[in-house]
Structure formats: structure tokens, C-alpha cells
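Chains, contacts and geometry: an overview
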Amino acid sequence: MTLKGKVAIVTGGATGIGRAIAFALARDGADIVVADLNKNMAQETAGELEELGVTANAVICDVTKPWMIEKMGESTLERLGHIDILINNAGVAGAAGWYEHAKSREEDWGAAYDVNVKGIFNCITALTPSMKEQRSGKIINLASIAGREGRPAIPHYSASKAAVINYTQGLATTLAEYNINVNAVCPGLLWTPMWEQVGQRYAAHNRDYAGLEAREVFDRMIADVIPLGREQTPEDIGDAVSFLVSDDAHNITGQALNIDGGAFLR
Ligand SMILES: NC(=O)c1ccc[n+]([C@@H]2O[C@H](COP(=O)([O-])OP(=O)(O)OC[C@H]3O[C@@H](n4cnc5c(N)ncnc54)[C@H](O)[C@@H]3O)[C@@H](O)[C@H]2O)c1
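Residues numbered from 1 in each chain as written. Predicted model: local features only at pLDDT ≥ 70, side-chain atom pairs only at ≥ 80, totals over all residues. Heavy atoms only, no water.

**Some thoughts on the overall build of the chain**
- In terms of helices and strands, the chain carries 9 helices and 7 strands.
- A globule of 266 residues ought to have a C-alpha radius of gyration of about 18 Å, and the chain, at 18 Å, matches this closely.
- Structurally, the chain occupies a C-alpha span of about 55 × 35 × 35 Å along its principal axes.
- When contacts within the chain are restricted to residue pairs at least 6 apart in sequence, those whose partners lie at least 24 apart make up 71%.
- Total accessible area on the chain is roughly 12,100 Å²; 51% of this is exposed by carbon and sulfur atoms.
- Of note, the chain has its 23 positive side-chain charges centred 4 Å away from the centre of its 33 negative side-chain charges. (Helix = DSSP H or I, 4+ residues; strand = E, 2+ residues; numbered from the N terminus. Rg over C-alpha atoms; globule rule 2.2 N^0.38 Å. Contact = heavy atoms within 4.5 Å. Areas by Shrake-Rupley, 256 points an atom, 1.4 Å probe, with all protein chains shown as cover. Lys, Arg positive; Asp, Glu negative; His and termini not counted. Charge placed at Lys NZ, Arg CZ, Asp CG, Glu CD.)

**Structural notes on the state of the cysteines**
- Evaluated as defined, the whole model comprises 0 disulfides.
- The thiol of C61 is unpaired, and the distance to the nearest cysteine sulfur, on C123, comes to 6.1 Å.
- For the unlinked cysteine C186, the closest cysteine sulfur is that of C123, found at 19 Å. (Disulfide = S-S within 2.5 Å.)

**Thoughts on the side chain of N57**
- In this fold, N57 is placed in strand β3 (residues 56–60).
- Accessibility expressed as a relative area gives 12% for N57, which makes it buried.
- Aside from chain neighbours lying at most four places away, what touches N57 is I32, V33, V34, A46, R79 and L80. (Buried < 20%, exposed > 50% of the residue type's maximum accessible area, 1.4 Å probe, protein only.)

What follows is the structure, given as C-alpha cells:
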């Protein structure tokens with residue numbers, strides 16, 4: 001119970017990787033705010049988290065809307081008293097229907113930057129003042145191995161995740177004087193709805209994967225690029241995040257940790 005007494009906000013925490021992170025933090029004793037666009041799923045996740053014996057609140061919040069984040073921060077301080085951990089997990093692979101197009105559209109660049117990059121800026125702006133005051137905090141930003149190297153299939157997404165890694169370094173330096181640690185994690189290949197769409201785009205537009213089903217593209221990539229030869233899971237990411245926000249990691253800041261079975265060695 002290394003996080004007992006801590007309060008964690010997880011953006012995009014209703015489903016996928018964010019949900020697994022919320023469960024990992026709750027298992028370690030943290031109270032959780034599930035901040036997501038999807039009200040029903042956020043409430044469902046919060047209900048299941050409470051079965052672990054922690055307090056969990058579901059809040060509808062769009063990270064592209066500063067006023068919604070401010071409201072969520074205020075209600076968290078009122079109900080739970082403090083904010084100790086911020087997980088900037090909400091992310092998109094592009095604008096709606098992005099994977100049906102051969103090339104990135106202007107709206108894909110807009111959505112990727114608005115949610116994946118500016119969404120983090122919005123949360124940092126609204127939610128760090130109380131961390132600064134209490135002179136402690138832990139922040140984790142969800143990047144990706146796509147941010148380690150440009151990929152032809154999803155340039156807008158790769159570029160946005162490279163920006164997350166860079167922004168994490170800048171934030172770590174700026175917030176260090178307040179005893180706030182800021183790190184990023186770079187998940188590798190996870191079979192999620194997001195990756196199913198990525199697989200469809202690869203199959204349609206990359207001749208190495210032509211004619212394959214999305215899952216076949218995924219399996220081929222694992223065989224080709226992951227030395228450990230296995231996919232990653234949302235729970236893998238949750239466990240790593242739980243370590244990074246614990247006291248055991250108090251001297252780690254400004255880092256981007258690959259959780260990718262060895263695909264990238266930097
Ligand atoms: N799935 C992968 O293989 C993979 C790999 C590397 C990195 N990532 C990153 O991990 C994070 C989570 O990915 P996932 O696969 O769980 O995605 P997902 O699509 O399964 O879940 C994303 C969650 O974020 C929420 N969300 C989307 N836009 C939002 C917004 N504007 N405000 C608040 N909530 C919003 C959604 O409602 C959803 O609950 C993302 O940042 C993603 O880029 C995923």
C-alpha cells in the first residue's frame with residue numbers, strides 16, 4: 001500500500017491503458033479520479049475501483065477544454081483535499097475516421113496535437129498550482145514508442161508523441177524546484193481498439209502488410225521488432241506507472257521509460 005493517502009487523477013481513465021493504470025494505483029492504496037469524456041464507462045470503472053476499498057470519483061472531463069479541467073480540479077480538492085498524482089493518459093490516434101484515409105489530414109494533426117500535447121499543457125496549467133503549494137507531486141505523461149522514431153503510417157501521431165517526450169523534459173526541469181517529478185512512459189505494442197485501427201491502416205497502405213488482417217499485422221510486427229517476442233498489456237503499463245509515482249522513484253525525473261519488450265534501446 002505504497003500510495004495510501006494519495007489522490008491520483010487519471011485522464012482517459014475509463015478504459016484501456018488509463019483504466020489499467022487506475023487499477024494499479026488503487027491496488028497500491030491511492031484514491032482515484034477517473035476523468036474521461038465517456039461518462040458511463042468512467043462511472044463503471046470508478047465503481048469497480050471502489051471494490052478495492054479506495055474512494056473513486058468519475059468526472060466528465062475533456063482535456064481540450066481548460067474550464068472542464070479547472071472544474072474537475074476544484075471538485076477534487078473539495079472532495080478529497082489534495083492532488084498528489086496526475087496521469088496524463090488521454091490520447092487519440094487522429095480525428096474520427098483517421099484510419100480510413102491513406103494520408104494524414106489537417107484534422108488528424110489538429111486532433112493529435114489538441115489532445116495528446118495541448119491536453120497535457122491544459123492539465124498541467126490547471127492542476128499543478130496545488131501541487132506547487134504542497135511542494136510535492138508526481139506527473140506521468142503517456143508518450144509512445146511511436147514518439148521515438150517517425151513512422152510513415154501515422155506521422156501526426158508520432159510527431160505528437162515525440163512532442164510529449166520533449167515537453168516532459170522541459171516540465172521536469174521547471175517543476176523540480178517544487179519537488180514535482182515528471183516522467184513519461186512509452187508503451188510498445190498493445191492490442192487495443194486504437195491498435196486495431198493502426199493495423200487496418202498499415203494493411204491498406206503499406207505493401208509489407210498488404211492483404212493482412214489488423215491482428216496479423218500486429219503479430220508480424222511483434223515478431224519483427226520486439227526482441228522479447230511478446231505483446232505488452234495495459235497491466236504492464238500500470239505496474240510501471242505505479243513504480244514511477246511511488247517514493248521508490250523519488251530521484252527519477254525527466255525520463256521516458258520504454259515498456260516495449262526491447263523494441264527501442266534508447
Ligand atoms: N494502445 C496502444 O498500443 C498505445 C501504445 C502507445 C501509447 N498509447 C497511448 O496510451 C494512451 C491510452 O491509449 P489507449 O490505447 O488506452 O486508448 P483508448 O482509445 O483505448 O482509451 C483512451 C481513453 O481516453 C479518453 N479520451 C479521449 N479523448 C479524450 C479527451 N479529449 N479528454 C478526456 N478523455 C479522452 C477516451 O474516452 C478513452 O477512455 C494514449 O495516450 C495513447 O496514445 C497507446
